[in-house]
Amino acid sequence: MRVLVAGGAGYIGSVVTAALLDGGHEVTVLDDLSTGHADAVPSGARLIDASLHDSAPVLADVRPEAVLHFAARSLVGASQERPQDYWDTNVAGSFALLEAMRGVGCRRIVFSSTAATYGEPELVPIPEDAPTRPTNTYGATKLSVDMMLTSYAVAHGFAAVSLRYFNVAGAAYGLGERHTTETHLIPIALQVATGERDSMTIYGDDYPTPDGTCIRDYIHVGDLADAHLLALPAPGPGEHRIYNLGNGLGFSVQEVVGAVREVTGHPIPVVVGPRRPGDPAQLVASSDRIRADLGWTPRHTDLAGIVRDAWELRGART
Ligand code: UDP
């Protein structure tokens, strides 16, 4: 299939681009390189440096049969401090992209949604029909795009899938996490191991969880890429499917730091700080729906294995 990958220079987008090329697809990446890296785009893909707001001429040129949409701002903390940036890129940008798709008659899309659409869950593991009450602007913007997709499916015959990622980690196809300003737990702990930082902060140890630190569901980026390839052809016109993507296993911040200590052999000194605004105590996925519908099965469920892949890629880069 001829596909456009919006945000293909970022962590997840670049890994999925590699998987798409591996699967025989023809890939063009649209990315404004605001947080992505041109050298992360696999060599078999064409890169067009443009923002979502300017996507119409790009789609008119590429004429994709499908779009995979990863381009977004994705930091919970920043979304609380500068919500305007999040509404602009994530919602107005996605709207421009959907309109550009409509303009060229492209109606197939896989969208990167998030566990943050659910907010503080009533039921864990979280099923897709759980209430969506985001506790931060990031989650609210992603939920808005999910809603946009439902209405574009109904009104305009879009065939859409929203994949609600839980905490993506690890490395695949020689590509991993490489943010200029790192905020995610596993890369930060690995920076302590490499000596780039002296210590790290645990954001709150007074949550209602067994060790008081937040629980998250860490999914390997390679398993996530598999899900995109399965999701791409799945929906029919007029259908918007929503699938959670996680392992169904929760690990606390303390457990993740423990896994990083085990893998790297470094003591990883920690300081306990205040809670980070917008963080729910616990986010663990039920991925039963995508397993049943598309036969998706995660291959890397072991936390230490996920951390090891990220650590080994770091070693390969230096
Ligand atoms: N976290 C932490 N210290 C850090 C970075 C993250 O304690 O330096 C915690 C954060 O509060 C959350 C969990 O680790 O409970 C995962 O955060 P991350 O930013 O990796 O992903 P998110 O869950 O926000 O998507």
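That block above? That's the structure.
Every value quoted in this text rests on a predicted model; they were computed, and no experiment measured them.

A. Examining the site of the ligand more closely. Neighbouring the ligand are 15 residues; Leu 185, Thr 201, Arg 216, Arg 276 and Asp 279 lie closest to it. One of the backbone N or O atoms of Tyr 203 is found 2.9 Å from an oxygen atom in the ligand. Take Asp 279: an N or O atom from its side chain is 2.6 Å from an oxygen atom of the ligand. Considering the ligand on its own, with 520 Å² of exposed area, one finds that the protein chains cover 90% of that surface. Only helix H6 (185-194) and strand S8 (200-203) provide two or more residues apiece to the shell around the ligand. In the shell around the ligand, the residues fall into 8 nonpolar, 4 polar and 3 charged.

B. Structural view of the sheet that holds strand S5 (residues 108-114). Across the sheet, 7 strands lie side by side as S3-S2-S1-S4-S5-S6-S11; this open sheet has parallel pairing. The open sheet has two free edges, formed respectively by strand S3 (46-49) and strand S11 (240-245), since each of these has just one partner strand. Strand-to-strand, the axes of this sheet are offset by a mean angle of 20°, without reference to chain direction. Relative to S5, strand S4 (residues 66-69) runs parallel, the two being bridged by 3 bridges. Of the residues in S5, the one forming a bridge with Leu 68 is Val 110. Packed on one face of the sheet, helix H5 (residues 137-156) meets S5, strand S6 (159-165) and S11 and runs near 155° to S5.

C. Geometry of the packing of helix H2 (residues 55-62) against helix H4 (residues 83-104). Axis separation between H2 and H4 bottoms out at 9 Å; the angle between their running directions is 35°. Handedness of the crossing formed by H2 with H4: right-handed. Mapping the contact onto sequence places Ser 55, Ala 56, Leu 59 and Ala 60 in H2 and Ala 96, Leu 97, Ala 100, Met 101 and Val 104 in H4. Class assignment for the residues of the contact of H2 with H4 results in 8 nonpolar, 1 polar and no charged.

D. Main features of the sheet that holds strand S12 (residues 251-252). Within the open sheet, the 3 strands sit side by side as S12-S9-S14. Their pairing is mixed. With partners counted over all chains shown, the strands left at the sheet margins are S12 and strand S14 (282-283), one partner each. As judged from the 2 bridges shared by strand S9 (residues 215-216) and S14, these two strands associate in the parallel manner. Residue pairing for S14: Ile 215 is matched across the bridge by Gln 282.

E. The arrangement of the nonpolar core in detail. Grouped together as the largest cluster of nonpolar side chains are 37 residues, with contacts concentrated most on Ile 12, Leu 68, Leu 163 and Leu 245. At the level of secondary structure, the elements contributing two or more residues to this core comprise strand S1 (2-6), helix H1 (11-22), strand S2 (26-31), S4, S6, helix H7 (221-231), S11 and helix H9 (288-294). Once residues lying within four places of it in the same chain are set aside, the contact partners of Leu 163 are Val 110, Phe 111, Ser 112, Ser 113, Thr 114, Ala 227, His 228, Ala 231, Tyr 243, Leu 245 and Ile 290.

F. Spotlight on the packing of aromatic side chains. The final tally for this structure, using the stated rule, is 1 aromatic pair. On the basis of an interplanar angle of 80° and a centroid distance of 5.4 Å, the ring pair of Tyr 152 and Phe 158 is categorised as edge-to-face. For Phe 158, a relative accessible area of 0% gives the class buried. Directly above the aromatic system of Tyr 207 lies the positively charged group of Arg 275, at a separation of 4.0 Å from the ring centroid.

G. Broad picture of H1. When the terminal C-alpha atoms of H1 are compared, their 17 Å separation across 12 residues agrees well with the 16 Å that a helix rising 1.5 Å per residue should span. With respect to burial, H1 is a largely interior element, 10 of its 12 residues being buried. Every buried residue of H1 is accounted for by Tyr 11, Ile 12, Gly 13, Ser 14, Val 15, Val 16, Thr 17, Ala 18, Ala 19 and Leu 20. Residues of H1 that are buried in the fold lie against S1, S2, S4, S6, strand S7 (167-169) and H7. After H1 finishes, the residue Gly 24 shows a positive phi value of roughly 90°.

H. Up close: H4. Taking 1.5 Å of rise per residue, the 22 residues of H4 would be expected to cover 32 Å, and the 31 Å separating its terminal C-alpha atoms lies within 8% of that figure. One or two steps after H4, the chain reaches Gly 105, where phi turns positive at roughly 70°.

I. Examining the environment of Arg 164 more closely. By secondary structure assignment, the location of Arg 164 is in strand S6. Classification of Arg 164 as buried rests on a relative accessible area of 2%. Sequence separation between Arg 164 and Thr 117 is 47 residues; the distance between their C-alpha atoms is 8.2 Å. Polar contacts involving the side chain of Arg 164 include one to the side chain of Tyr 118, which spans 3.2 Å.

J. Molecular detail of the pattern of salt bridges. The final tally for this structure, using the stated rule, is 14 salt bridges. In this structure, the salt-bridge partner of Glu 122 is Arg 133, at a minimum N-O distance of 2.7 Å. Of this pair, Glu 122 sits in the loop between S5 and H5 while Arg 133 is found in the loop between S5 and H5, placing the two residues 11 residues apart along the sequence. For Arg 133, a relative accessible area of 45% corresponds to the partly exposed category.

Procedures and definitions
Residues numbered from 1 in each chain as written. Predicted model: local features only at pLDDT ≥ 70, side-chain atom pairs only at ≥ 80, totals over all residues. Heavy atoms only, no water. Near = heavy atom within 4 Å. Polar contact = N/O pair within 3.5 Å; in protein donor to acceptor, adjacent residues only side chain to side chain. Areas by Shrake-Rupley, 256 points an atom, 1.4 Å probe, with all protein chains shown as cover. Helix = DSSP H or I, 4+ residues; strand = E, 2+ residues; numbered from the N terminus. Nonpolar A, V, L, I, M, F, W, Y, C, P; charged D, E, K, R; others polar. Pairing = 2+ DSSP bridges. Axes fitted to C-alpha atoms, helices over the stretch in contact; angles between N-to-C directions. Contact = heavy atoms within 4.5 Å. Left-handed = near helix turned anticlockwise from the far one by under 90°. Core = buried A, V, L, I, M, F, W, Y, C linked by side-chain atoms within 4.5 Å. Buried < 20%, exposed > 50% of the residue type's maximum accessible area, 1.4 Å probe, protein only. Phe/Tyr/Trp six-rings, centres within 6.5 Å; stacked < 30°, edge-to-face > 60°. Lys NZ or Arg CZ within 6 Å of the ring centre and 35° of its normal. Expected span 1.5 Å × (residues − 1). Salt bridge = Lys/Arg side-chain N within 4 Å of Asp/Glu carboxyl O.

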